[in-house]
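This is what each chain is made of:
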Amino acid sequence: MRAVGSWLTRGKWQPRTRRPASGDLLFRGLRLRLTLWYSGVLAASLLLAGIGLYLVLQHQLLQPITDQVSGQIDSIEMQWGHDPAHACSSPGGPPPKHDATNSPIPIYVTCYDPQGQILPASAFQSDSSSDAPDTFTDNSLALRALKDGSATDQVNGGANVGTLYRSAQVVRDPASGTILGVVQVGRSIEDQESTLSLLRTLLLALGLVALFIATVGGLFLAERALTPARLAFARQQAFIADASHELRTPLTLLRANAEMLLRHRERVSEDDADMLEGIVEETEHIDHLSTDLLLLARLDAGQLHLEREVVDLSSIAANVARRVGTMAGEKGVAVKTSESATVRIIGDAEAIERAVLILVDNAVKYTPSGGSVHLRTAIQDGMATLAVEDTGVGIDAAHLPHLTERFYRVDRARSRETGGAGLGLSIAQGIAAAHGGSLTITSEPEKGTIVRLMLLVNGPGSSTALTPNPSPTRGEGL
């Protein structure tokens, strides 16, 4: 297979790019998340501080104006109640405030009858004989005041007035309590609104600048903070790889010596022979575990060498089904493959076959007698899929997100009986990721499980236009 694949692809491959190690991807994700947390906390703090500052300044700027308007209304209301015949004949009240240029800021006064109609000659300025703006004399606010007792709003008073604050208050007869009408007073707050608008612009601009600086600084600080963790992670991976490698030789010797003694069972007692068989089984288990750990360490470090060749995924599925068929038949489980068109991809045949073997082996272990395991292949949108579907015991939804975690077991007692260490799915996922793909698991208790191994057709990081299947074919639906 490797020779044929090399011959078919000769001269068609671009230089291979190094796949990022999973440790690099892990710390890259951590760095990004830490930066987002830093930026998010700062953004929330700036937002709260900005809102607080804006509300305080808004209160300081507008409260004197609302107090002045309220005082004017109280003065007119008192005069109207004592002399209904001369409603709004004179606004009275405190003198108008002045702006920074010592020019008077007019206060507008208008009175309405109980039906909301403006009283004759009642719309004027407290310090001028000019008429009030039309938007001020509109009776919409007076009608609201007649309904609710009082009302306030802001309207556009035109180019010369700007934003106009209005307040309306119902006036009642002191003796009978009947409604005499509505007094409405207004004052321009254009200068205050301009100040608040400038403040909003400054807060937004400064907040964005501070957030940008915090993001850049957060990336730097996160990198510095993660440096010890990176070093510890690298040392851990190196230790696992070295320990796994160094354990293989003594384990091989130990197993060989025990097997040699078992060849002469007549020279040892029955109890000693049983002990030797246990030694062989345990050394075999530890040897498999160290091999798996070494493979995972290489996957994490991005040091696993993968061949780039044309791989027949359908052929791999059939080969695995044949290899596992005998063991599954002894258990009463049928292993089948779907009749489908050839699905070819670019990758490492041995690594992919190992991943498929892990998935099928798991499916057989957790499928009761009389059940079946079905292998299906398909290709679509540049992704090839090999699905392993069983009719086994199924897995509860709470366990699904953790199945690819190392040493994770749904049923620890049963996993121990079957000899599993909880590394198989982690290895299969790592092989899938090394081929630019992924591993997905769906399951329902008592109904079965479907595990999909998805791989890039042209291989990870490939910029070639090579298509293993000249006319993409699809297997059965997955």
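Since the structure is predicted, the reported quantities are computational estimates derived from the model, not experimental observations.

Thresholds applied
Per chain, residue numbering runs from 1 following the sequence as it is written. Local features in a predicted model are, by the rule used here, given only for residues with pLDDT of at least 70; side-chain atom pairs are given and counted only at 80 or more, and totals for whole chains, interfaces and linings are based on all residues. Just so you know, side-chain values use all the structure's heavy atoms and leave hydrogens and water out. Interaxial angles span 0 to 180 degrees and are taken between N-to-C directions of axes, which are lines fitted to C-alpha atoms, for helices over the stretch in contact. Working definition: helices are DSSP H or I runs of at least four residues, strands are E runs of at least two. Numbering for both runs from the N terminus. Here is the rule for handedness: rotate from the far helix to the near one, and if that takes an anticlockwise turn smaller than a right angle the crossing is left-handed, while a clockwise turn gives right-handed. Note on contacts: a residue pair qualifies if any of its non-hydrogen atoms lie within 4.5 Å across the two residues. Three classes are used, and their members are as follows: Ala, Val, Leu, Ile, Met, Phe, Trp, Tyr, Cys and Pro are nonpolar, Asp, Glu, Lys and Arg are charged, and the others, Gly among them, are polar. By definition, two strands form a pair when at least two bridges between them are found by DSSP. Every residue carries a pLDDT, the predictor's confidence in it, which falls somewhere between 0 and 100.

Colleague: Please clarify how the packing of helix α8 (residues 349–365) against helix α10 (residues 424–434) should be interpreted in this entry.
Modeller: When two helices pack together, their arrangement is given by the angle between the helix axes and by the axis-to-axis distance. It is at 9 Å that the axes of α8 and α10 come closest, and there the two elements cross at 145 degrees. Between α8 and α10 lies a crossing of left-handed hand. Contacts from Ala351, Ile352, Arg354, Ala355, Ile358, Leu359 and Asn362 in α8 reach Gly424, Leu425, Ile427, Ala428 and Ile431 in α10. Of the residues contributing to the contact of α8 with α10, the split by class is 9 nonpolar, 2 polar and 1 charged.

Colleague: Help me understand the sheet that holds strand β11 (residues 438–444), please; the structure alone is not making it clear to me.
Modeller: Pairing between the strands of a sheet comes from backbone hydrogen bonds, and it takes one of two forms, parallel or antiparallel. Overall, mixed pairing links the 5 strands, which are arranged β7-β9-β10-β12-β11 in an open sheet. This sheet does not close on itself; its edge strands, each paired only once, are β7 (334–337) and β11. With direction set aside, neighbouring strand axes in the sheet form an average angle of 15 degrees. Inspection of the sheet shows strand β10 (residues 383–390) paired to strand β12 (residues 448–456) by 8 bridges, in the antiparallel sense. Looking at the pairing, leucine 386 lines up with leucine 453 of β12. Together, β11 and β12 form the strand contacts of α10, whose direction differs from that of β11 by roughly 135 degrees.

Colleague: What is the right way to look at the confidence of the model for the protein chain in this model?
Modeller: It should be kept in mind that the predicted coordinates are not to be read in detail where pLDDT is low. Mean pLDDT over the protein chain works out to 77, with 74% of the residues at or above the 70 mark. In the predicted structure, residues 1–19 sits below a pLDDT of 50 and forms 35 contacts with residues beyond four places in sequence or in another chain. Every residue in residues 90–103 scores below 50 in pLDDT, and together they form 28 contacts with partners more than four places removed in sequence or on other chains.

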